[in-house]
Amino acid sequence: MDIKNLLKTLTLDEKIGQLMQLPPFFFIEDIDVEIFGQVKALNLNKKKIFEAGSVLGNNNAEQMIEIQKKYLSQSRHKIPLMFMADVVHGFKTTFPVPLAIAASWQTSLATKAAQIQAKESRTSGIQVTFSPMVDISRDPRWGRIVESFGEDPYLASKFSEATVKGYQGDDVSSDDHVASCVKHFAAYGASEAGRDYNTVDVSHYALHNIYLPSYKAAVDAGVKLVMTSFNTIDAIPATVNKYLLKDILKEQWKFNGVVISDYDSLHQIVAHGVAKNDKEAAFRGIEAGLDIEMASTCYTNNLKALINENKVTEKLVDEAVLNVLKLKKDLGLFEDPFKGANIERQSKIIRCEQHLDVAQQLAEESIVLLKNDEQVLPLNKTLNYVILGPYAETKKTNGAWAGHGDNSLNTTLSDALITKNMHLAFIKSSKKPIYTDEEMKKIKAADQIILALGEDEYESGEAHSKVDIQLPRQQEEFVDFSKSLNKKTIVLLYHGRPFVLTNMMKADAILDVFYLGSRAHQAISNILCGDVNPSGKLPVSYPRHGGLIPLYYNQFSTGRPHEKGVYSEYTSFYLDEENEALFPFGFGLSYARFMYSNLKISKQEINVKDDFIITVDVYNDSDMDGYDIVQCYVQDLVSYYARPTKELIRFEKVWIKAHTKVTIKFKIFAFDLGYYDPKGLRLLEPGEFKFMVGSSSETFDSVSIKLLEDTHHAY
Ligand code: GLC
């Protein structure tokens, strides 16, 4: 299809229509009938609706085929609709929430999960997914931290790349792939005070070094779309922010795909107070380089007038339309408007055992063992256990943005544990540790207590921020109750956002189980019973107190650094709490014990074109095989701009058999030691760099290297 010639055949209305995205009901209902007033509210009519370019959120192949047929039968230009949806961590097979996927540090499984999501989506009539969400999140009050890959730019970048490649493969026209839309550009995770949709005010230094790398990783991986965020950057909403959309995305990063707004976010710039009305919003959007307007009608209702009044050139509209037509061409829609939608295949592959098995494997690798005093885990098959707490019988393990996932199809923890022949007494879920005499008898008869604690699925996710990140509804009382009976206490934490766990550290074991998706309880029971060795590590820091937020591991030294455990009045610390995280970034225990030794670096000095190798030996000093996640952090000791005291620069998740040793090698290039100045220029400065290696961001040995050449290299 020659899209430039096709463009020439379109009327101005038809061009503008390609830039509008509407929910599916506009195409299903009889448009002449008012639909919840939205047709009127959006000032739409049948002609405009049947000139739209794409659909937001269809449900299955049948619906897509029905809409596409109806649309094409009424379309003069016969340009197929494109179908997009939020397949964030599963279409019907639900994988762990993205924060848990990041906790696996297993990017290969993230790719596999994305490949499965793409297959299930494409056969269901979806060609584009609004995923991955790669917003760096340092604030657990923000409900959408659950959708993110956590606080670290390097880890988030690796998962961003892995996920885009899984969705898109080598050819987005194939029946097994979809186009990926990275979101939310940019720095949405820095919403002030963790309140969703709130102002973002970060320095350009922080923007380029912390918040932008994970989006750039998606662009470098060939992502086809970028979705703008609801927030402002430099007091300009991202959806109409030229610095973001033109200077960075198109000029610096050479992105040539589609830029799509978030839901109604173009219209919302009126609420931001940066446009008087939808007409001004349309002007600012097309000028800034926004292509598709999702779920609002500023473009459809105003661009034609702006062009007729010579306020906007038609060339700008043509550029946006060409981006949309190119994407439709890449998706194979001109050859086959129904490409990939397949009712029969849909019935075979959706939520099939093979897909669920991968979801279980990823769930098992995402679980983080935070505490295990006296090796109370794995569970002992000769002991009697009782499961208590508000989530003791939950099946709701899919979490936020689970799309078409169905919690009712999931298994409960007790059903999963019973298949393991565990001796389990069962007490109905309760919000407080208050029991009848009969129940107390059962509880006292148990040797150990398993507490299923946490928050409900809807308590995190979009528009669900919280000021208090203690366990909700005083659930710590369950730990006090269990310890008052002198019982070993094992806590399972179901959650989206990280919690402050300080008040429940009396528990003997804490297993972080996030929301692990369709096979959550099969995975959890395999870990509890020791059939699988826990291997997850935290992608975010868990604070001791909410007052420490924002808390992240890669902090600057400050001019008065505080040394842990050393009292020195005029240093950077709190009178009433320790600075350090309760559980730091990169932390997670195993049933095995891994010993690090023999840390070496291959060179003492390098030039800017050089590379070098860091090696370390890791010995599994236990009887159980298992993964460890070997982490390498770097500190640039002296630089023009202050640099963090440590930054993740490499990691490897490695399987180590019982009583064996492996040698891990990290190859690092001088270029990797650079960073960005506030203009986004990459700097590589001479001087000493320290490398710290270990199994979390807080336990390591170190080696150093000197970068020669007294020239500041800007790339
Ligand atoms: C929502 C979310 C975004 C999602 C979009 C479409 O408001 O911010 O993540 O992709 O709308 O559902």
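As the structure is a prediction and not an experimental result, all values here were calculated from the model.

**Looking at the overall build of the protein chain**
Part 1: Helices and strands together make up the secondary structure of the protein chain, namely 21 helices and 27 strands.
Part 2: Taking the principal axes of the C-alpha coordinates as reference, the protein chain spans close to 75 × 70 × 45 Å.
Part 3: Across the 715 residues that make up the protein chain, the buried fraction comes to 61%.
Part 4: By sequence separation, contacts in the protein chain at least 24 residues apart represent 78% of the contacts at least 6 residues apart.
Part 5: Here the protein chain has roughly 26800 Å² of accessible surface; of this, 51% comes from carbon and sulfur atoms.

**Focus on the confidence of the model for the protein chain**
Fine structural detail should not be taken from predicted coordinates in areas where pLDDT scores are low.
Part 1: Mean pLDDT over the protein chain works out to 96, with 98% of the residues at or above the 70 mark.
Part 2: Averaged pLDDT values over the elements of the protein chain bottom out at 54 in strand E27 (residues 713–714) and peak at 99 in strand E6 (residues 225–228).

**A word on the pairing of strand E21 (residues 647–656)**
Part 1: The buried fraction of E21 is high, at seven of ten residues.
Part 2: By the bridge criterion, nine bridges tie strand E20 (residues 626–636) to E21 in an arrangement that is antiparallel. Note on E21: the bridge partner recorded for glycine 626 is isoleucine 656.

**Quick notes on the side chain of glutamine 448**
Part 1: Relative to the elements of secondary structure, glutamine 448 occurs in strand E14 (residues 448–454).
Part 2: Judged by relative accessible area, glutamine 448 falls into the buried class, the value being 10%.

**Section: the site of the ligand**
Part 1: Residues in close proximity to the ligand total 13 residues, the closest being Asp86, Arg144, Lys183, His184 and Asp262.
Part 2: Here lysine 183 contributes a side-chain N or O atom positioned 2.9 Å from an oxygen atom of the ligand.
Part 3: In the environment of the ligand, an oxygen atom lies 2.6 Å from a nitrogen or oxygen atom belonging to the side chain of aspartate 262.
Part 4: Contact with the protein chains covers 92% of the free accessible surface of the ligand, which is 310 Å².
Part 5: Looking at side-chain class alone, the shell around the ligand contains seven nonpolar, one polar and five charged residues.

**Quick word on unusual backbone geometry**
Part 1: The omega torsion of the bond from phenylalanine 185 to alanine 186 falls at 10°, within 30 degrees of zero and hence cis.
Part 2: Looking at where alanine 186 falls in the secondary structure, it is placed in the loop between strand E5 (179–185) and helix H10 (204–211).
Part 3: Following leucine 377, the chain continues into proline 378 via a peptide bond in cis, with omega recorded as 0°.
Part 4: Among the structural elements, proline 378 can be located in the loop between strand E11 (368–372) and strand E12 (384–388).
Part 5: Positive phi values are uncommon outside glycine, yet arginine 351 reaches one of about 60°.

**Details of the domain arrangement of the protein chain**
Part 1: Partitioning the protein chain into domains gives domain 1 (3–346), domain 2 (358–537) and domain 3 (594–714).
Part 2: Measuring from the centre of the C-alpha atoms in domain 1 to the corresponding centre in domain 3 gives 36 Å.
Part 3: Taken together, the contacts link 14 residues of domain 1 with 18 residues of domain 3.
Part 4: Counting every contact that joins domain 1 to domain 3 gives zero salt bridges.
Part 5: The interface formed by domain 1 and domain 3 contains five residue pairs in polar contact (both at pLDDT 80 or more).
Part 6: Elements with a contribution of two residues or more to the side of domain 1 that touches domain 3: helix H9 (153–168), H10 and helix H12 (242–252).
Part 7: The dominant element in the side of domain 1 that touches domain 3, judged by the number of residues it contributes, is H10, at four residues.
Part 8: Of the residues assigned to the side of domain 1 that touches domain 3, the class counts are five nonpolar, seven polar and two charged.

**Digging into the sheet that holds strand E13 (residues 423–426)**
Part 1: Spatially, the six strands line up as an open sheet ordered E11-E16-E15-E14-E12-E13, and their pairing is mixed. Looking at the sheet topology across the chains shown, the edges are occupied by E11 and E13. Averaged over all neighbouring strand pairs, the angle between strand axes comes to 20°, with direction disregarded.
Part 2: The sheet contact formed by E11 and strand E16 (residues 509–512) spans four bridges and is antiparallel. When the bridges of E16 are listed, valine 368 appears paired with aspartate 512.

**Notes on the pattern of salt bridges**
Part 1: Across all of its chains, the model carries 44 salt bridges by this definition.
Part 2: Between arginine 141 and aspartate 139 there is a salt bridge; the shortest N-O distance is 2.7 Å. The burial state of arginine 141 is the same as that of aspartate 139; both residues are buried.
Part 3: For lysine 339, the salt bridge is made with aspartate 175, and the minimal N-O distance between the two is 2.8 Å.

**Considerations on the sheet that holds strand E3 (residues 82–85)**
Part 1: Taken together, eight strands build an open sheet; the order of strands is E9-E6-E5-E4-E3-E2-E1-E10 and the sheet is parallel. Sheet topology places strand E9 (258–260) and strand E10 (293–294) at the edges, where each strand pairs with a single neighbour.
Part 2: Examined bridge by bridge, E3 and strand E4 (residues 128–129) share two bridges and lie parallel to one another. Paired with methionine 84 across the strands is valine 128, a residue of E4.
Part 3: Seen against the sheet, H12 touches E5, E6 and E9 and runs at an angle of roughly 135° to E5.

**Overview of the packing of helix H8 (residues 107–123) against H9**
Part 1: Taken N-terminus to C-terminus, the directions of H8 and H9 make an angle of 35°; their axes are 7 Å apart at the nearest point. The crossing of H8 and H9 is right-handed. Across the interface between the two elements, Thr107, Ala110, Thr111, Ala114, Gln115, Gln117 and Ala118 from H8 touch Lys158, Phe159, Ala162, Thr163, Gly166 and Tyr167 from H9.
Part 2: Per-class residue counts for the contact of H8 with H9 are six nonpolar, six polar and one charged.

**Overview of the pairing of E16**
Part 1: The two faces of E16 match: Ala509 and Leu511 on one face and Ile510 and Asp512 on the other face are all buried.
Part 2: Here four bridges tie strand E15 (residues 488–494) to E16, and the two strands are oriented parallel to one another. Its bridge partner lying in E16, leucine 493 is registered against aspartate 512.

**Some details on helix H17 (residues 353–366)**
Part 1: Between its first and last C-alpha, H17 extends 20 Å over 14 residues, near the 20 Å set by a 1.5 Å rise per residue.
Part 2: Within H17, ten of the 14 residues are buried, which leaves it mostly tucked inside the rest of the structure.
Part 3: When we look at burial in H17, the residues that qualify are His355, Leu356, Val358, Ala359, Gln360, Leu362, Ala363, Glu364, Glu365 and Ser366.

**Remarks on the environment of valine 182**
Part 1: With respect to the secondary-structure elements, valine 182 resides in strand E5.
Part 2: Judged by its relative accessible area of 1%, valine 182 falls in the buried class.
Part 3: Taking C-alpha positions, valine 182 is 8.3 Å from valine 219, a pair spaced 37 residues apart along the chain.
Part 4: Excluding its chain neighbours within four sequence positions, the residues that come into contact with valine 182 are Ser131, Pro132, Val134, Tyr215, Ala218, Val223, Leu225, Val226 and Met227.

About the criteria used
Residues numbered from 1 in each chain as written. Predicted model: local features only at pLDDT ≥ 70, side-chain atom pairs only at ≥ 80, totals over all residues. Heavy atoms only, no water. Helix = DSSP H or I, 4+ residues; strand = E, 2+ residues; numbered from the N terminus. Buried < 20%, exposed > 50% of the residue type's maximum accessible area, 1.4 Å probe, protein only. Contact = heavy atoms within 4.5 Å. Areas by Shrake-Rupley, 256 points an atom, 1.4 Å probe, with all protein chains shown as cover. pLDDT = per-residue confidence, 0-100. Pairing = 2+ DSSP bridges. Near = heavy atom within 4 Å. Polar contact = N/O pair within 3.5 Å; in protein donor to acceptor, adjacent residues only side chain to side chain. Nonpolar A, V, L, I, M, F, W, Y, C, P; charged D, E, K, R; others polar. Domains from an automatic or database assignment. Salt bridge = Lys/Arg side-chain N within 4 Å of Asp/Glu carboxyl O. Axes fitted to C-alpha atoms, helices over the stretch in contact; angles between N-to-C directions. Left-handed = near helix turned anticlockwise from the far one by under 90°. Expected span 1.5 Å × (residues − 1).

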